[in-house]
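Next come the chains, spelled out residue by residue.
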Amino acid sequence: MLELAGEAIPARERPHAPLQLTAFRNRVRVESQRTIGEMAVVGWEDGCCTVSHSSLQRLVRAHCAQGGLTIQADSKRLRIGSSAIPVLRYCPLVVEPGASQAECATD
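Residues numbered from 1 in each chain as written. Predicted model: local features only at pLDDT ≥ 70, side-chain atom pairs only at ≥ 80, totals over all residues. Heavy atoms only, no water.

**Things to note about the pattern of salt bridges**
Next up, step 1: On inspection of all chains with the given rule, the structure shows 4 salt bridges.
Next up, step 2: Across the pair arginine 29 and glutamate 31 runs a salt bridge, and its minimum N-O distance is 3.1 Å.
Next up, step 3: Residue class for arginine 29 comes out buried when judged on its relative accessible area of 14%. (Salt bridge = Lys/Arg side-chain N within 4 Å of Asp/Glu carboxyl O. Buried < 20%, exposed > 50% of the residue type's maximum accessible area, 1.4 Å probe, protein only.)

**Here's the deal with the sheet that holds strand β2 (residues 27–32)**
Next up, step 1: Pairing is antiparallel across the open sheet formed by 5 strands, whose spatial order is β3-β2-β1-β4-β8. Looking at the sheet topology across the chains shown, the edges are occupied by β3 (35–40) and β8 (89–91). Geometrically, the sheet is characterised by an average inter-axis angle of 15° between neighbouring strands, direction not taken into account.
Next up, step 2: Sheet topology places strand β1 (residues 18–24) next to strand β4 (residues 47–52); 6 bridges connect them, and they run antiparallel. Opposite leucine 21, over in β4, you have cysteine 49 as the bridge partner.
Next up, step 3: Most of the contacts of helix α2 (residues 53–63) go to β4, to which it runs at about 100°, and overall it touches β1 and β4. (Pairing = 2+ DSSP bridges. Helix = DSSP H or I, 4+ residues; strand = E, 2+ residues; numbered from the N terminus. Axes fitted to C-alpha atoms, helices over the stretch in contact; angles between N-to-C directions. Contact = heavy atoms within 4.5 Å.)

**Comments concerning the side chain of histidine 63**
Next up, step 1: With respect to the helices, strands and loops of the structure, histidine 63 is situated in helix α2.
Next up, step 2: With a relative accessible area of 8%, histidine 63 lands in the buried category.
Next up, step 3: A distance of 3.4 Å separates a polar atom in the side chain of histidine 63 from the backbone oxygen of isoleucine 80.
Next up, step 4: At a separation of 3.4 Å, a polar atom in the side chain of histidine 63 contacts the side chain of serine 83.
Next up, step 5: Not counting the four nearest positions on each side in its chain, histidine 63 is found in contact with Leu69, Ile80, Gly81, Ser82 and Ser83. (Polar contact = N/O pair within 3.5 Å; in protein donor to acceptor, adjacent residues only side chain to side chain.)

Right, dumping it as structure tokens:
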């Protein structure tokens, strides 16, 4: 999913390109530019954060041999195992991806 999101980013912008991760109702959504990927996960908390694409890709590659990854994020960093990268933006509250504000207000 990260590889596909990276393809949408021009090569010269990739090192600093923002990547938005959204965890909501046992799904994770990865957005970069106009490319969106989504998959089912085992999730304990909903939230949204923005990180550097290249930083997240390096972190995931370093830990992907472990199999199932546990990812934790807060207002300062995103952690996988004992490694961490800085978070550019963080929000513990999430509007369902693809839902409009009007739909959320009526739920």
